Amino acid sequence: MKLTLEIWRQANKSAAGAFETYSLEGVSEHMSFLEMLDVLNEKLTSEGKEPVAFEHDCREGICGACGFVINGRPHGPQPKTTVCQLHMRSFKDGDRLVLEPWRAAAFPVIKDLVVDRSAFDRIIQKGGFISVNTGSPQDANAILVAKNESDKAMDAAACIGCGACVASCPNASASLFTGAKISHLALLPQGQPERWKRAEAMLEQHDLEGFGPCSQHGECEAACPKGITLSNIARMNGDYLFSQLAYSPRVGASTEGG
Amino acid sequence: MDLSSKAPQDVDIRQAWDTHKFRMKLVNPANRRKYRVIVVGSGLAGASAAATLGEHGYNVACFCFQDSPRRAHSIAAQGGINAAKNYQNDGDSVWRLFYDTVKGGDFRSREANVYRLAQVSVNIIDQATAQGVPFAREYGGTLANRSFGGAQVSRTFYARGQTGQQLLLGAYSALERQISAGRVKMHARTEMLDLVVEDGRAVGIVVRNLETGAVSTHAADAVVLATGGYGNVFFLSTNAKGSNVTAAWRAHRRGAVFANPCYTQIHPTCIPVSGSYQSKLTLMSESLRNDGRVWVPKKAEDCGKAPDQIAEADRDYYLERKYPSFGNLCPRDIASRAAKEACDDGRGVGPKVEGVARGVYLDFADAIKRLGKSAVEERYGNLFEMYERITGENPYEVPMRMYPAVHYTMGGLWVDYNLQSTVPGLFVIGEANFSDHGANRLGASALMQGLADGYFVLPFTLPNYLAGVKPGGANEGTAAFKAAEADAQGRLDKLMGIKGKRTVDSFHRELGNLMWEKCGMARTREGLTELLGRIPQIRQEFWENVTVPGSPGELNQSLEKAGRVADYLEFAETMALDAREREESCGGHFRSEYESEGEAKRDDANFCYAAAWEFKGVGQAPVLHKEPLEFKYVPLATRNYK
Amino acid sequence: MIDVGRIWRSSAGTKAAMAVSGMILFGFTIVHLLGNLNMFLGREHMNGYATTLHAVPEVVYATRVVLLGALVVHVAAMIKLRGASNAARPVPYKVVTPVASTMYSRTMRVTGPIVLAFIVLHLLNLTFHGVGANALHPDFRLQADGTTPDAYHNLGTLLRLPLWGVFYLVANACLGFHLWHGAVAMFRSLGLSGDRQMATARMGATALTALVAGGNVIIAASILSRIIGQG
């Protein structure tokens, strides 16, 4: 099939970007979307032009590296599918596709379709962990977890940190990402001791990074390749409010993490 | 070359690790922060090591080429992690896991290391659970297990089909906690280009910031490589696109010997190549073989027909025919080779790529008839969905098509019992080292080894080395650092300056196809000799005719790939040489000359050793050193799956 | 001590403030509707209801203070959140393809200001008599006691005018849209995460929204079409 691609090109963080149009012929429906871009890049390189920079690694939908917006939809039109697993049979001959990077103040564009998502790591640094040193735990089966709760924790833990939630959100909020990690740990007994401090610190870091507020449009849930649900945002909100209204830290207690 | 393992020989293997731990030197807690440790790689091994060393108080710097440590390729492991917990009370024990791993590795691993791996496996599960890894559970709240990869006991812990992801996120969270506490400094989007060796010791690394292109050096008291395997030498593999041999190869060039590079594992159930544009291969869980039946048409002329047009009598269920007792569940290497034979015979199915159809059917029609569609959906629903997403075919109606693909590499930098390479101060952990899996890795053991090394072995053995070193001895201003940096910069400039006609990928594909053809599932002396003639030619053309667009002072993915492919073009030669030198078949290394009735035929009299290659220069033959392998506890035996 | 400033500064805290203030305002709209249904029972009932309301001025003023406070918080939260939202995406997409968001959620930014304008005009129309605002009513009257408005007449005559009648219809449709999303969202903003509880909350919110918006629209439409509010 033949495609027209309108791709955002930007040399670096401080450069101004613009759309460039490319036409590509001979695209097979069996190609993955990224393989189609590989073909374009091989062509551009052979012509002495710079290939389009895009992020990718595992190409099997789990590392979370890939992702850009195709015709207004993060990871493209197929639900619960990262762009590396999206195949060209989702499109038809003659389609015009507009490829844009994730757009958010907290995700500055590094080059073309590559953005800087280090804000996610900094949110995790504020409490997306259980403070247990290597070697200290008890036997694993000494902690019983109801299957139902464990399954819900796993649903939340399935987040791959790709950033599609931010990209799809009309407010560029990272509430789904943050809520998923808070929920994953809040649903497990191991996560209880630090539950309230975690919600407080992670949510406040989320705001500091410049992500927007959640208006519960639900776009993030629809864009999430792993099916993380809005209920995780609700749990985060509840935990945050509890941390502020009901939880009492000892006066003068150290607030240092780690 | 001293290739002694340094494992305690004076005590029984059951006491070896405890004895060794006690004998090793410690570093005073007050002095730890003075020691700088570099960890390269942030997968299971790297992240767990960096986090644990940070907890101990060392001054750690961790590097990864991805944009975040959470993206390391450990994340893609699906099936599970083995541990000798014996929670199912089905006869498992540390000894049995040790025994199975040595036997599964076809007697080409080091017994002491394997025993230790089995021993600490139980701690991994405790650690991961405490971190909040949501392993599958029973209704009573205890952890669930499954049997995996033909094991007789249920010792595999899992988190849906995303065990690697969950374990990595656990290690990543521990790492982020140490970053937050200021004990680990993380350098993401930073690729190691070289190792700095001074006075015979590893003292630092040269890196390139992938965002700005800046090349810089980092000094340390010890360097830990946790940089994964080299499966991408085949271009197509189940590895992530970024997985590369550069760090290990550069360390090898600086003196670390490389062991058993020819040991590669081929996974039998991957989605076949669909066209010449194919960029990677996707693994489908081995569990599919529990209920799927593997077949190809008996007659080559039937291959073009739709599968439901081929009569039962015209189908060849070749695994059931050749291995009546194990049938479709025979080990990975056997299933893989049988698929290749069927396709070489012209009986492969699916689209032809470059003239040959490479695929076999994995058919669930019988299972659906026997168990009902809903039962099959319950067991394999998510895998079927994934298959349909990629191929556009519905496996409930049309048989799946499968073909083997490179999956894991057992070879790696040689390390002793302390996980130290032949360069003092250079430690190698996880898939990047060679030690634990011998010639074949058992399912659900890769995650186990990565975490064992990072959480429970290196944090004991590294201090033993540091205790003998004056902290802060190395600094970036010395000649060794300047020379290594200039070297790396020179290589980048050279790559940018060639301005030839061919793309980096075209070279990588050419090398990969050739390696797969001649050094893949079945190897021959003749083919390997031919390969050894071809690799230097490709390498030469690469350095004369590659084109790298853009500039070096920015994010330049072509330049990143070029550096990696350049190293693969050197590494491949050593790999092929190792494969030719090993005149036997064992585990994942199958030499067509050495077989009996289609089975791998080991030669314990002549090849019961780890082959450790010493670098002598590009285009010059490396020197082979041998570490003899002794099997005192698990007697040498031949595998039989008929 | 509870650090109100800290809560307000956080996005979740602001959303909670929006939810609580919204809940108060929503509650008022329900009571307001129930009172106005008196229009269907005739002048005596409607004006009797107005007289009863005004019997205890303390309650009237206390309610007004609470409602005004809720409105101020609601609007202030909106201003803060909208600022944060705009700042979070400085470069817009070329193509936007909404998938899951509803017409109701996407139009909050429009329906909110319309409802606010409606509230102001509505107060000027019918509540703030004697403060020079009667200009916004063609024929504002008081009951015989000289203090309580003649609610039946005032509402009836106002909404019979096509311009006002149609405006009230449109504004109440906007109110319905606004409540539809807001009433569901406020539960999640306050931390209700259970799927079953959420389903119940959604059902309840939908029913109350339909009641308030539907009731208001029916009253306005009935007056506009001269079914009630005559004479």
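Residues numbered from 1 in each chain as written. Chains lettered and ligands numbered in written order. Predicted model: local features only at pLDDT ≥ 70, side-chain atom pairs only at ≥ 80, totals over all residues. Heavy atoms only, no water.

Undergrad: Would you explain the pattern of salt bridges in this entry?
TA: Should the charged atoms of two oppositely charged side chains come close, the side chains can pair. Within the structure shown, the criterion is met by 77 salt bridges over all chains. For Glu-211 of chain B, the salt bridge identified is with Lys-13 of chain A, shortest N-O distance 3.3 Å. Taken together, the residues span two chains, with Glu-211 of chain B in the loop between strand E7 (201-209) and strand E8 (215-219) and Lys-13 of chain A in the loop between strand E1 (3-9) and strand E2 (18-24). The closest approach of N and O atoms between Glu-194 of chain A and Arg-198 of chain A, which form a salt bridge, is 3.9 Å. By relative accessible area, Glu-194 of chain A is classed as partly exposed at 22%. Bridged by salt links that share partners, the residues Asp-106, Arg-108, Arg-582, Glu-584, Arg-602 and Asp-604 of chain B form one connected network. (Salt bridge = Lys/Arg side-chain N within 4 Å of Asp/Glu carboxyl O. Helix = DSSP H or I, 4+ residues; strand = E, 2+ residues; numbered from the N terminus. Buried < 20%, exposed > 50% of the residue type's maximum accessible area, 1.4 Å probe, protein only.)

Undergrad: Would you take a moment to explain the nonpolar core for this structure?
TA: Counting residues in hydrophobic clusters, the biggest one holds 245 residues, and the most contacted among them are Ile-81, Leu-225, Leu-288, Phe-364, Leu-426, Met-515 and Phe-542 of chain B. Here this core takes twelve residues from helix H16 (residues 557-581) of chain B, the largest share from any one element. Setting aside residues no more than four positions away along its own chain, Phe-542 of chain B makes contact with Leu-495, Ile-498, Phe-507, Ala-562, Val-565, Ala-566 and Leu-569 of chain B. With 28 residues, the next largest nonpolar core counts Val-27, Met-31, Leu-37 and Phe-68 of chain A among its residues. (Core = buried A, V, L, I, M, F, W, Y, C linked by side-chain atoms within 4.5 Å. Contact = heavy atoms within 4.5 Å.)

Undergrad: I'm lost on the side chain of Ser-243 of chain A in this one. Help?
TA: All names here are of chain A. On the secondary structure map, Ser-243 appears in helix H8 (residues 231-245). The exposure class of Ser-243 is buried, given its relative accessible area of 6%. A polar contact of 3.1 Å, which involves the side chain of Ser-243, links it to the side chain of Gln-244. Contact partners of Ser-243, with chain neighbours within four places excluded, come to Trp-196 and Glu-200. (Polar contact = N/O pair within 3.5 Å; in protein donor to acceptor, adjacent residues only side chain to side chain.)

Undergrad: Explain the sheet that holds strand E17 (residues 400-409) of chain B to me, please; I cannot follow it from the model alone.
TA: Strand pairing within a sheet occurs via backbone hydrogen bonds; the two strands may be parallel or antiparallel. Residue and element names in this part refer to chain B. Spatial strand order, E11-E17-E16-E12-E13: five strands in an open sheet with antiparallel pairing. Each edge of the open sheet is held by one strand with a lone partner, namely strand E11 (264-270) and strand E13 (315-316). Of the strand pairs in this sheet, strand E12 (residues 293-297) and E13 are connected by two bridges, and their pairing is antiparallel. Bridging from a neighbouring strand, Val-296 pairs with Asp-316 of E13. (Pairing = 2+ DSSP bridges.)

Undergrad: Before we go on, may I ask you to explain the packing of helix H6 (residues 163-180) of chain B against helix H12 (residues 446-466) of chain B in this structure?
TA: Between two packed helices, what matters for the description is the angle formed by their axes and the separation of those axes. Residue and element names in this part refer to chain B. With their axes 11 Å apart at the nearest point, H6 and H12 run at an angle of 10 degrees to one another. Viewed along their axes, H6 and H12 adopt a mutual orientation that is roughly parallel. Of the residues in H12, those touching H6 at Thr-163, Gly-164, Leu-167, Gly-170 and Ala-171 are Leu-447, Leu-451 and Tyr-455. Among the residues making up the contact of H6 with H12, the classes are represented as five nonpolar, three polar and no charged. (Axes fitted to C-alpha atoms, helices over the stretch in contact; angles between N-to-C directions. Parallel < 35°, antiparallel > 145°, perpendicular 65-115°, else oblique. Nonpolar A, V, L, I, M, F, W, Y, C, P; charged D, E, K, R; others polar.)

Undergrad: Is there a simple way to think about the pairing of E7 of chain B in this case?
TA: Within a regular strand, side chains alternate between the sheet's two faces. All names here are of chain B. When you tally the buried positions in E7, you get seven out of nine residues, the bulk of the element. The pairing of strand E6 (residues 190-198) with E7 spans eight bridges and is classified as antiparallel. Of the residues in E7, the one forming a bridge with Leu-195 is Ile-205. Between E6 and E7, which pair antiparallel one after the other, the connecting turn spans two residues, and Asp-199 there sits at a positive phi close to 50 degrees.

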